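Given next are the chains, with one letter for each unit.
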Amino acid sequence: LGGPDPLDYVSMYRNLGNPALNVPEHWHYVSFGLSDLYGDNRVHEFTGTDGPSGFGFELTFRLKRETGESAPPTWPAELMQGLARYVFQSENTFCSGDHVSWHSPLDNSESRIQHMLLTEDPQMQPVQTPFGVVTFLQIVGVCTEELHAAQQWNGQGILELLRTVPVAGGPWLITDMRRGETIFEIDPHLQERVDKGIETDGSNLSGVSAKCAWDDLSRPPEDDEDSRSICIGTQPRRLSGKDTEQIRETLRRGLEINSKPVLPPINTQRQNGLNHDRAPSRKDSLESESSAAIIPHELIRTRQLESVHLKFNQESGALIPLCLRGRLLHGRHFTYKSITGDTAITFVSTGVEGAFATEEHPYAAHGPWLQILLTEEFVERMLEDLEDLNSPEEFKLPKEYSWPEKKLKVSILPDAVFDNPLH
């Protein structure tokens, strides 16, 4: 299936599977164009043979072949094209273990398969081409419950569980759009493995793109002269290029850096702009790679706030317990990056180095990027107060939580509020 530019191409193959491994016959889809096909800077910048080719990956998808089906359905190709366009337009990349919240059946049917995880294709190994290295990332369709488990724990852990359940993917992670049960309904013991993994490992989800905003309650709304703070009641000031790149790295990298998590240095690497699930970073400190990009006066411009009001839509708010229990209680951090504006909110624990929020001044901002430092004791209290976020069916909007002695307020608001730039 082809289009007018390289990102539109998807090849479709009939794969006989492997009966010895209990792998059924299926359709195999492979994109081409996310990697560099030409090496002449026509589409991608050529950076040499040792680095990534183009974006460094191509997408694949395996769909169970239905009995009597003589030709592959074309909807997977259209799905892959949509993801490819996102990558080209945003220059954000995907990695194994990432997940994509789709909130709709992948084939526009009534299927429970409404989200995606990404992993290495089981057959297609990385390839060294004349224009760089290409890896193959396979899209795996999952149910909402499986997506939530991946968020609470990590994508790779859920993928390993899917491999053990033949009807849910099996060893080659083949998507069956007719699957009517989650892996936890098929084998209830798998939920115990997820719960144990969350308790032991915490969550590898370091951040999400979300509908969110924040207000500085410690200053009058009309006081917008300080260029270091968010403008209240107007469009927020734009993040600086360096702040934007550091937020991207905050999302792109995990936090377990040797024994102490560290906020990543500012640099220009691409990152996934949907939902972020990353393996641990191995950097030692802020002094390692790209630390020279941090300019001291950027840090001096940090503004300390006395009181803040955080705003989230219901989907984003539902992830706050994950942020607190799966990230901060494990000494890590978690970032919300607004999809409707230039706002970002990063929660950090006391064990995170490189943050500009401190125990003495727990609320601090670079323009519209807010950092909030929460102590373990306060996190435990918030988890108790926010318990109803785990029961969305009983949730009525708007909802407000307040901790006056901490000068912190959190509101869960309807989606429509975030579509209005003057929220």
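Residues numbered from 1 in each chain as written. Predicted model: local features only at pLDDT ≥ 70, side-chain atom pairs only at ≥ 80, totals over all residues. Heavy atoms only, no water.

- Per an unreviewed UniProt entry, the protein is named Suppressor of fused homolog, and its organism is Mesitornis unicolor.
- Looking at the protein in UniProt, the text filed under Sequence similarities (unreviewed entry) is "Belongs to the SUFU family." (UniProt positions renumbered as here; feature names shortened; annotations may be inferred.)

A few points about helix H3 (residues 155-163)
Working step 1: Those residues of H3 that fall on the buried side of the exposure criterion are Gly155, Gly157, Ile158, Leu159, Leu161 and Leu162.
Working step 2: Each element contacted by the buried residues of H3 is listed here: strand S5 (115-120), strand S7 (132-142), helix H2 (144-152), helix H4 (183-186) and helix H5 (189-201).
Working step 3: The residue sitting at the N-terminus of H3 and contributing the capping side-chain oxygen is asparagine 154; that oxygen lies 3.3 Å from the backbone nitrogen of glutamine 156. (Buried < 20%, exposed > 50% of the residue type's maximum accessible area, 1.4 Å probe, protein only. Helix = DSSP H or I, 4+ residues; strand = E, 2+ residues; numbered from the N terminus. Contact = heavy atoms within 4.5 Å. Polar contact = N/O pair within 3.5 Å; in protein donor to acceptor, adjacent residues only side chain to side chain.)

Focus: the packing of helix H9 (residues 320-327) against helix H10 (residues 376-385)
Working step 1: Between H9 and H10, the shortest axis-to-axis distance is 10 Å and the interhelical angle comes to 145 degrees. Here H9 and H10 pass one another in a crossing that is left-handed. Of the residues in H10, those in contact with Pro321, Leu324 and Arg325 of H9 are Val379, Met382 and Leu383.
Working step 2: By residue class, the composition of the contact of H9 with H10 is 5 nonpolar, no polar and 1 charged. (Axes fitted to C-alpha atoms, helices over the stretch in contact; angles between N-to-C directions. Left-handed = near helix turned anticlockwise from the far one by under 90°. Nonpolar A, V, L, I, M, F, W, Y, C, P; charged D, E, K, R; others polar.)

Regarding the nonpolar core
Working step 1: Counting residues in hydrophobic clusters, the biggest one holds 36 residues, and the most contacted among them are Leu310, Phe312, Leu324, Tyr336, Ile345 and Phe347.
Working step 2: When sequence neighbours within four positions are dropped, the list of residues in contact with isoleucine 345 reads Cys212, Ala213, Trp214, Leu310, Phe312, Phe334, Thr335, Tyr336, Trp369, Leu370 and Ile372.
Working step 3: If you look at the next biggest cluster of nonpolar residues, it comprises 27 residues, including Phe55, Leu59, Phe61 and Ile113. (Core = buried A, V, L, I, M, F, W, Y, C linked by side-chain atoms within 4.5 Å.)

Some details on the packing of H2 against H3
The relative placement of two packed helices is expressed as an angle between their axes plus a distance between the axes.
Working step 1: Relative orientation of the contacting elements H2 and H3 amounts to 135 degrees, with a least axis distance of 7 Å. On the basis of their axis angle, the class for H2 and H3 is oblique. Here H2 contributes Glu146, Ala149 and Ala150 to the contact with H3, which in turn contributes Gly155, Ile158 and Leu162.
Working step 2: The class makeup of the residues in the contact of H2 with H3 is 4 nonpolar, 1 polar and 1 charged. (Parallel < 35°, antiparallel > 145°, perpendicular 65-115°, else oblique.)

Description of the environment of glycine 207
Working step 1: Mapped onto the fold, glycine 207 is located in strand S8 (residues 207-210).
Working step 2: You can call glycine 207 buried: its relative accessible area is 0%.
Working step 3: The spatial distance from the C-alpha of glycine 207 to the C-alpha of cysteine 323 is 8.5 Å, given a sequence separation of 116 residues.

Here's the deal with the sheet that holds strand S9 (residues 212-216)
Working step 1: Pairing is mixed across the open sheet formed by 4 strands, whose spatial order is S9-S12-S18-S17. Of all strands in the sheet, those bounded by a partner on one side alone are S9 and strand S17 (399-403). Pairwise comparison of adjacent strand axes, ignoring direction, gives a mean angle of 15 degrees for this sheet.
Working step 2: Across 5 bridges, the pairing between S9 and strand S12 (residues 308-313) is antiparallel. In the strand pairing of S12, aspartate 216 is matched with valine 308. (Pairing = 2+ DSSP bridges.)

Description of the pattern of salt bridges
Working step 1: One pass over the full model with this rule turns up 17 salt bridges.
Working step 2: Where aspartate 176 meets lysine 64, a salt bridge forms, and the shortest distance between an N and an O atom there is 3.8 Å. Placement of the pair is aspartate 176 in the loop between H3 and H4 and lysine 64 in strand S3 (residues 52-64), with a sequence separation of 112 residues.
Working step 3: By relative accessible area, which is 15% here, aspartate 176 ends up buried.
Working step 4: Residue glutamate 160 pairs with arginine 163 through a salt bridge whose shortest N-O separation is 2.5 Å. You can see glutamate 160 and its partner arginine 163 sitting in helix H3, 3 residues apart, about one turn around the helix.
Working step 5: Its relative accessible area of 43% is what places glutamate 160 among the partly exposed residues.
Working step 6: Overlapping salt bridges bring together Arg14, Glu25 and Arg65 as one network. (Salt bridge = Lys/Arg side-chain N within 4 Å of Asp/Glu carboxyl O.)

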